[in-house]
Amino acid sequence: MAVPKRKTSKSKTASRKAQNMKKPIARASSCSQCGAPAQPHHVCKSCGYYNGRQVLSVTTEE
């Protein structure tokens, strides 16, 4: 059975575990069509456009 020769230091353990921490959500950019805030690399929820073309047909309920 494999047994470590020396104790792993706290800083070594912490730096390894820091890679698994949740990264902050990317801040919302504005949609090129309607100007509403939209997540990068996602379809705009307000107009349905992605990368300059309409992907979803969005109906507005009033």
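This section reports on the structure supplied with the text. Model, not experiment: these values are computed from the prediction.

A surface patch of nonpolar side chains, amounting to about 370 Å² of accessible area, comprises Val43, Tyr50, Val55, Leu56 and Val58. Looking at the element boundaries, Leu56 is found in the segment after β4 (53-54). Judged by relative accessible area, which is 45%, Leu56 ranks as partly exposed.

On to unusual backbone geometry, then. Among all residues except glycine, the phi angle is most often negative; among peptide bonds, the trans geometry is most common. Phi at His41 is positive, roughly 60°, even though this residue is not glycine. Tracing the chain through its elements places His41 in the loop between β2 (37-38) and β3 (49-50). The exposure class assigned to His41 is exposed, which follows from its relative accessible area of 71%. Of note, Asn51 is a non-glycine position whose phi angle comes to about 60°, a positive value.

Cut-offs applied
- Residues numbered from 1 in each chain as written.
- Predicted model: local features only at pLDDT ≥ 70, side-chain atom pairs only at ≥ 80, totals over all residues.
- Heavy atoms only, no water.
- Patch = residues over 30% accessible without salt bridge, like charges linked within 9 Å, V, L, I, M, F, W, Y side chains within 5 Å.
- Areas by Shrake-Rupley, 256 points an atom, 1.4 Å probe, with all protein chains shown as cover.
- Salt bridge = Lys/Arg side-chain N within 4 Å of Asp/Glu carboxyl O.
- Helix = DSSP H or I, 4+ residues; strand = E, 2+ residues; numbered from the N terminus.
- Buried < 20%, exposed > 50% of the residue type's maximum accessible area, 1.4 Å probe, protein only.

These results come straight from atomic positions and should not be treated as a statement about function.
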